[in-house]
Amino acid sequence: MDRLKNKVAIVTGAGQGIGRGIALRLAEESCFVVVSDIDEANAQKVADEIKQSGKKSIAIKCDVSKKMEVDNLIDKTVENFGALDILVNNAGIFPYKPFLEMAEEDWDKVLSVNLKSVFLSSQAAAKIMKEGSKIVDISSIASLVAFPQLAHYCASKGGMNGFVRALAVELAPKKINVNAIAPGAINTPGAGQSSDEGIKKQTISMIPLGRIGEPEDIANAVLFLASDEASYITGQILTVDGGWTIK
Ligand SMILES: NC(=O)c1ccc[n+]([C@@H]2O[C@H](COP(=O)([O-])OP(=O)(O)OC[C@H]3O[C@@H](n4cnc5c(N)ncnc54)[C@H](O)[C@@H]3O)[C@@H](O)[C@H]2O)c1
């Protein structure tokens, strides 16, 4: 229950879904969690939920695609908690669009929110992180296998995997670990799998373990990669998908 005692973490896109699950899980392990989201009200709700359980948390609004807001997020975190030990880049969007209808703006938006954001936050964080710090990025199995109508999303997550490996090597001398998790289908407001029974059944038929994942499944993997138990692991993409992509 105290595996991250007195560590300081930022989780982006933590107002709902997987990010919220990660924030709650890290807080359970006595980590000080900065709950960040473009949706300030949702971020505040999650921070309040953590505080109600007796742990420390603050909410900071941040659009991860904007450098000024990202720099402010890192600065405010250090102002409030004195350090940054764990950065979880979770914020992401997945708007379905057939490739031939995809506008330049659609492409730019997805690449900015899902990929440029990770460059911005990782650079700002790495400048102030001390030895033993951890960066964990939330990729997707869409970085490994094809998903129709998500060409921009697949490209952003594939780009993220390459970035993780490159950054892991560059930050290794500073003893900062950089890894990613590639979730399969996870039950979140954004993914909305549970609303359509037909789609849900079809998705479950793809998954050897026979169920859609929950945010906690991803949060547990993040906890491991953010902990000192993972100090010899870097540059890896850990797939957490109930076996979807092994078939
Ligand atoms: N749910 C899945 O099945 C699934 C599968 C693989 C990967 N992922 C990845 O997991 C991450 C979280 O997905 P989710 O399903 O929880 O999504 P979600 O839509 O339920 O939640 C995403 C959160 O990110 C926030 N956000 C969106 N744009 C932002 C921005 N510009 N700046 C800051 N915050 C922003 C939203 O306000 C929201 O709170 C994403 O990176 C997604 O690509 C999800």
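Before going into details, it helps to say that this report is about the structure given with it. No experiment lies behind these values; they were computed from the predicted model shown. (Residues numbered from 1 in each chain as written. Predicted model: local features only at pLDDT ≥ 70, side-chain atom pairs only at ≥ 80, totals over all residues.)

**Some points on the overall build of the protein chain**
Consideration 1: Of the regular secondary structure elements, the protein chain holds 7 helices and 7 strands.
Consideration 2: For the protein chain, the α and β elements follow one another from N to C terminus as β-α-β-α-β-α-β-α-β-α-β-α-α-β.
Consideration 3: By the compact-globule yardstick of 18 Å for 247 residues, the protein chain fits well, its C-alpha radius of gyration being 17 Å.
Consideration 4: Expressed as a percentage of its 247 residues, the buried residues of the protein chain come to 45%.
Consideration 5: For the protein chain, the proportion of contacts with a sequence separation of at least 24, taken over those separated by at least 6, is 72%. (Helix = DSSP H or I, 4+ residues; strand = E, 2+ residues; numbered from the N terminus. Rg over C-alpha atoms; globule rule 2.2 N^0.38 Å. Buried ≥ 20, exposed ≤ 12 C-beta atoms within 10 Å, placed from the backbone. Contact = placed C-beta atoms within 7 Å.)

**Section: the environment of F163**
Consideration 1: Positionally, F163 belongs in helix 5 (residues 151–171).
Consideration 2: C-beta crowding within 10 Å serves as the criterion here: with 19 such atoms nearby, F163 is assigned to the partly exposed category.

**Structural notes on the site of the ligand**
Consideration 1: Around the ligand, the structure places 30 residues, and the nearest of them are G13, G17, G92, T188 and G190.
Consideration 2: Take the shell around the ligand: its biggest share by element is 3 residues, from helix 1 (residues 17–28).
Consideration 3: For the shell around the ligand, a count of residues per class yields 14 nonpolar, 13 polar and 3 charged. (Near = placed C-beta within 6 Å. Nonpolar A, V, L, I, M, F, W, Y, C, P; charged D, E, K, R; others polar.)

**Notes on the sheet that holds strand 5 (residues 134–138)**
Consideration 1: Read from one edge to the other, the open sheet built from 7 strands follows the order 3-2-1-4-5-6-7, with strand pairing classed as parallel. Two strands close off the open sheet at either side, each with one partner strand: strand 3 (57–61) and strand 7 (237–240). Recorded for the sheet is a direction-independent mean angle of 20° between the axes of neighbouring strands.
Consideration 2: The strands touched by helix 4 (residues 104–128) within the sheet are strand 4 (86–89) and strand 5, with strand 4 carrying the most contacts at an inclination of about 175°. (Pairing = 2+ DSSP bridges. Axes fitted to C-alpha atoms, helices over the stretch in contact; angles between N-to-C directions.)

**Remarks on helix 1**
Consideration 1: When the terminal C-alpha atoms of helix 1 are compared, their 17 Å separation across 12 residues agrees well with the 16 Å that a helix rising 1.5 Å per residue should span.
Consideration 2: For helix 1, the tally of buried residues reaches 11 of 12 residues, placing the bulk of the element in the interior.
Consideration 3: Of the positions making up helix 1, those classed as buried are G17, I18, G19, R20, G21, I22, A23, L24, R25, L26 and A27.
Consideration 4: Two residues or fewer after helix 1 comes S30, characterised by a positive phi angle close to 65°. (Expected span 1.5 Å × (residues − 1).)

**Comments concerning the pairing of strand 5**
Consideration 1: Summarising burial for strand 5: 5 of the 5 residues are buried, a large majority.
Consideration 2: Alternating residues of strand 5 divide into K134, V136 and I138 and I135 and D137, and every residue in both groups is buried.
Consideration 3: Sheet analysis places strand 4 next to strand 5, joined by 4 bridges and oriented parallel. Looking at strand 5, one finds that I86 is bridged to K134.
Consideration 4: This β-α-β element, strand 4 to helix 4 to strand 5, shows right-handed connectivity.
Consideration 5: In this structure, strand 5 lies alongside strand 6 (residues 177–183), joined through 5 bridges in parallel fashion. Directly across from V136, in strand 6, lies its bridge partner N179.
Consideration 6: In the classification by handedness, the crossover that spans strand 5, the intervening helix 5 and the parallel strand 6 is right-handed. (Right-handed = clockwise from strand over helix to strand, strands pointing away.)

**Comments concerning the nonpolar core**
Consideration 1: One finds A9, I22, A23, L26, V33, V35 and V222 to be the most contacted residues of the largest nonpolar core, which totals 65 residues.
Consideration 2: The element best represented in this core is helix 7 (residues 215–226), accounting for 7 residues.
Consideration 3: Those residues within four positions of I22 in sequence are excluded, and the remaining contacts are V11, A14, V88, N90, I218, A219 and V222. (Core = buried A, V, L, I, M, F, W, Y, C linked by C-beta atoms within 7 Å.)

**Here's the deal with the environment of Y232**
Consideration 1: Looking at where Y232 falls in the secondary structure, it is placed in the loop between helix 7 and strand 7.
Consideration 2: When the C-alpha atoms of Y232 and K175 are compared, they prove to be 9.6 Å apart, with 57 residues separating the residues in sequence.

**What about unusual backbone geometry?**
Consideration 1: Phi angles above zero are rare outside glycine, and S30 is one such case at about 65°.
Consideration 2: Examined against the element boundaries, S30 turns out to sit in the loop between helix 1 and strand 2 (32–37).
Consideration 3: Overall, the presence of 16 C-beta atoms within 10 Å leaves S30 in the partly exposed class.
Consideration 4: For K175, which is not glycine, the phi torsion reads 60° and is therefore positive.
Consideration 5: Given 13 C-beta atoms within a 10 Å radius, K175 is considered partly exposed.

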